[in-house]
Structures are given as structure tokens and as C-alpha cells.
Amino acid sequence: SQDISGVLAILAEEHFDAAQSDVAFGRYYKASTRTYNFVPMSVNTPNAPNADPKVGPIVISEIMYHPAGDGAAEYVELANISGQTVNLWRYDTHTLSNVPWRFTDFGGIEFDVPLFTSLTAGQRIILTRDSTAFSREFAPPGGATVISWVTGNLDNAGETIEVQMPGDYDPVGRTRYYIRVDRIRYSDGSHPEEFQNLGYDPWPTEADGDGWSLQKKEPLSNYGNDVINWQVSGPTPGQ
């Protein structure tokens, strides 16, 4: 825009959610889609180039949004990429209660992970729409933790899914703030209108009902909300 003095002023507006203490947000350029994300940074860098996005300790590592068989068998796999056990809950000193992490798609799914769920270093757990349908459709390794979210389903056309940890509680507004731990906006590969900078949808189409799942490439510590860090493969829940 241009003000009345004739000086050109360029403004940028960014929206951000709750954050952990002492964690800054910054713009991250994704060459794969020629777009930016405004995300928590791994290191604060005032007066210096931005660091890479903060990733972990829990990441979304596999997404089966459209199973070839029973649609209720859809699932999302979470992995602990840290070197220590992560508790998926926190004790809140305001409410004097334990508050769980949650998984949401900002639509029909808003699932609280069962209290006292923990992931040891390298461990994975599976969140599924229906644990019975999931076990019938797939063969996870023995001892794999499978948890049903029951209400809602993943969108076969693509959507945003997110893992969140509980943040501060505002006793005045009685509001619980949640902090993003990992977020993925996936697509079924057929929505070029959402990728206008490219002119085509870069997400693979094979995961849309052909029996394949979206799997995060190694290393899992790469930024998740970027199509370049994902691939299709035969489903491997819990592995």
C-alpha cells in the first residue's frame, strides 16, 4: 500500500497460536510449494536469519486417510523422535488436574489422548477411527498401542490434522490454550486450486483409496508440514 506522503509501505500479516515460553515464531519458506508457513522456531535468532522450524518431540509419522477396505480402519501414527520418554499429559496448577494432549482435524475429530499415556524414546502409537476395523484390516506388530478416537473421520479429499499439548489456562475466560506440537495439511493429489504457485497438486494420489499410506520420510525430524518430506508406501502402522 502507499500512504499519503508517497512512501511505499509493505505490510505482512501473520496469525499464530499459543506457544511455549521462550519459543519464537518465524517464517519458513517451503520450496516444494513456493509458500511460507509461520511456525515455532527451533532456535530464537533475533537480528539473524531464521532457524529451522521446531520439530517434535512427538511427530505425525504416517497417515492412512482412505483405506482400500473398511473406511473405519483409517489411522494416524504418532512417533516419539526424542531420546527420552514423553508424557502425553501435564499437571495444571490452576485447575489442580491432569490435562491430556489431544488430536484434532478442526472438524469432526477432537480427541483427548487417554490420561497417563506415555511414549518411550522411539515408540509409536496408532490413533484410529475404529480399533476393531483397524485390527481386521491391518497387522500391527505385537504390543502396539492402538487407541480409537471414535467420533469423526479423516477427510479423503485432504485436510489439516494437528497434535496439541495443553498450555496455560485462563481462569477469567475459562479458556484452555493448546500448543501445536505437529501439524500436517495433506491432500489427495487432486486439488491444484490449493497450490496456485505450482499449478498442480504435489501430493501423491495413490494414498486415496489404493491401499497406500502417506509416510514421513527419514529423518523424522524434518519439518512435517511440507509435501517434500512425505511419500507413499505400503501401510506399516506401529513399525
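Below, the structure is looked at part by part. These numbers come from a predicted model, not from an experiment. (Residues numbered from 1 in each chain as written. Predicted model: local features only at pLDDT ≥ 70, side-chain atom pairs only at ≥ 80, totals over all residues. Heavy atoms only, no water.)

So, on to the sheet that holds strand S11 (residues 124-128). Ordered by their spatial adjacency, 6 strands build an open sheet running S12-S11-S4-S3-S15-S16, and the pairing between neighbours is mixed. Each of the sheet's edge strands pairs with one partner strand only, and the pair in question is strand S12 (145-148) and strand S16 (230-233). For this sheet the average axis-to-axis angle between neighbouring strands, irrespective of direction, equals 30 degrees. Where strand S3 (residues 58-64) meets strand S15 (residues 213-216), 2 bridges bridge the pair, whose relative direction is antiparallel. Note that in S15 the partner of Ile63 across the bridge is Leu214. (Pairing = 2+ DSSP bridges. Helix = DSSP H or I, 4+ residues; strand = E, 2+ residues; numbered from the N terminus. Axes fitted to C-alpha atoms, helices over the stretch in contact; angles between N-to-C directions.)

Let us now look at the layout of surface pockets. Of the pockets and cavities examined, the largest pocket occupies roughly 510 Å³. Along the wall of the largest pocket there are 28 residues; nearest its centre are Phe38, Val39, Arg180, Arg183 and Tyr223. Mapped onto the lining of the largest pocket, the elements with two or more residues apiece are strand S1 (25-30), strand S2 (35-40), strand S13 (158-170) and strand S14 (175-187). By residue number, the principal contributor to the lining of the largest pocket is S14, which donates 6 residues. Of the residues assigned to the lining of the largest pocket, the class counts are 13 nonpolar, 7 polar and 8 charged. Here the second largest pocket defines a volume of roughly 250 Å³. If you trace the second largest pocket, you find 16 residues lining it, with Lys30, Thr33, Thr35, Glu194 and Phe195 closest to the centre. A class-by-class count of the residues in the lining of the second largest pocket yields 5 nonpolar, 7 polar and 4 charged. (1 Å grid on protein atoms, 1.4 Å probe; cavity = no way out; pocket = protein on both sides within 12 Å on 5 of 7 lines; lining within 4 Å. Points joined across faces, edges and corners; volume = space filled by probe spheres on them. Nonpolar A, V, L, I, M, F, W, Y, C, P; charged D, E, K, R; others polar.)

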